[in-house]
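Secondary and tertiary structure notes
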Amino acid sequence: MIRFFLTAFCILNSFEPTNSAFIPLTKKFLDKLKNETLYNKFATPTQYDDVPTNVTLSMFIEGMSSFSAQTMDYHLDVYFQEEWYDHRLAHNNTAPILVRDLEVFKMMWHPDVYFANARSAAFQDITDDNFLVWVYPNGRVWYDARISIVSSCNMDLWKYPLDSQECALRILSYAYPMTVLRLLWSEKEDVPAIDRNPDITMPDMSLKHIRTGYCNGTYATGEWSCMTAIFYVEREMMHHVMQTYVPTALIVVISWFNFWLEIDSAPARVSLSITTLLTISTQANAVKLALPEVSYMKAIDVWMGSCMAFVFGVMIEFTICHYAKTLEKEKDRQAREAELRGGPPLVVDTLSTLFGAVHDIDDLNEDEELRGDGEQHIALNMLNPEEPRLRSLHPTTNDITTNGTRYFMGAERLKRKRSKTSITRLRQQVASMRHATADVSRRAFKWTRAVRKLHGHRVATKIDERCRIVFPMVFILFNIAYWSFYLVFN
């Protein structure tokens, strides 16, 4: 029994007209369109009723792509539907008449709607004109066409690439003001005014939702009806995080390796700083090429500028360390000049007191000849103590006998030989003392320079040790402030 009722129900339903059923275009309908007394295609359906013609709009978004920040536009592929009532086209058929010929459609009145902010738009015509018109028996006209649109969008890029955009597609009539034609969004409960393909995907954007709106405006020629389809999209930031944020952050971290290099490794530290700075600059220029020139600062500009400032700060830190070390060397040079002028500083004065000074060596060099004469005189006096006694014993040459003469000549030869030997030994002793004094003075100055160099090196090392902590902490605080400001509070 249940099967019988189900079968009967299906048979009865098969006789009812469905929405998919239609009637081909008839000659009677064409004759009505060609008869200007019966149908005037230049007059609106309510032209003589003093009421505006209501045109209901709806759309199905088939595809959406190419959100370009550089050109500030996007691409839409939509099925655009219009619906209105034209009682002049009412007929006695039981199903709607299907119109697929553009020439026939041009013989009918239809709204002259256009997309105000579209840079370009075109009807799809592969493999045939993608449009259809259904004319229902009660005069209801339903129009559907597939259109490709490139629409402009005034993007606010101050949060780029962490931004979200609202792009509105404005639809209005070109020739008819609101007193003649009024546009409305469809209000059917089962079908939204704007529907979309759930499989829409974009490489850099995600479509969150679509809403409808109105943009009626008053112009010099009157008030015009205007509709808006507002697309809310968010930028996919994972691409930018992996391609921009992570590499630049790593470059900043690499620049901190300078703090672990020796202060004397100036070529290595300078090369590393310049390389990281140029890399950051290159990436910043690459990002700018993909964006328009705007008068405000973008989020990516703040990031790139801050990373460049951190890398530049590393170069400044090395300059300060190198200056601290060089300053000690300059003080050492001034100390040596002061020592030569007789006014040594504290450290040089102490070491000079212990080991002597350079001007002592100069004094030794200047008095070398006087010391040589003195040495010879002292040596003669030391080696000839018997000379007065001999002269007192032999006052004249007449008293000298032959044997005495031989004795005196031998004594003279022995005296000269001993004198030469003693003078040589004394000179060697004086030279040894002079060289010892000079060596001690040089050693003292070397120690003085080493003390100053050690002091400058300690200052530079202390700055490096502090920066090993300060730079990472400041960079972490900057990241917390940056991401909180652009993602949480805005």
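For the structure, check the block above.
Cut-offs applied
- Residues numbered from 1 in each chain as written.
- Predicted model: local features only at pLDDT ≥ 70, side-chain atom pairs only at ≥ 80, totals over all residues.
- Heavy atoms only, no water.
- Pairing = 2+ DSSP bridges.
- Helix = DSSP H or I, 4+ residues; strand = E, 2+ residues; numbered from the N terminus.
- Axes fitted to C-alpha atoms, helices over the stretch in contact; angles between N-to-C directions.
- Disulfide = S-S within 2.5 Å.
- Buried < 20%, exposed > 50% of the residue type's maximum accessible area, 1.4 Å probe, protein only.

A separate point is the sheet that holds strand β8 (residues 164-173). Spatially, four strands are ordered β4-β8-β14-β11 in an open sheet, and the strand pairing comes out antiparallel. Each having just a single partner strand, β4 (113-115) and β11 (205-214) make up the two edges of the open sheet. Neighbour-to-neighbour, the strand axes of the sheet open up by a mean angle of 20°, direction not taken into account. Bridge analysis of β8 against strand β14 (residues 226-235) gives nine bridges, and the strand direction is antiparallel.

The next subject is the state of the cysteines. Throughout the structure, instances matching the rule amount to two disulfides. A sulfur-sulfur separation of 2.0 Å characterises the disulfide bridge that pairs Cys153 with Cys167. Across the S-S bond linking Cys153 and Cys167, the dihedral sits near -80°, which makes this disulfide left-handed. Taken together, the residues span a long stretch of sequence, with Cys153 in the loop between β7 (140-152) and β8 and Cys167 in strand β8 at a distance of 14 residues. Considered together, Cys153 and Cys167 belong to a single accessibility category, that of buried residues. Between the sulfur atoms of Cys215 and its disulfide mate Cys226 the distance is 1.7 Å. Measuring the twist about the S-S bond at about -60°, one finds the Cys215-Cys226 disulfide to be left-handed.

Glancing now at the pairing of strand β9 (residues 181-185). Side chains Leu181, Leu183 and Trp185 project from β9 onto a buried face, and the interleaved Arg182 and Leu184 project onto a face without burial. As judged from the five bridges shared by strand β1 (residues 53-68) and β9, these two strands associate in the parallel manner. In the sheet register, Asn54 faces β9, and the bridge partner there is Arg182.

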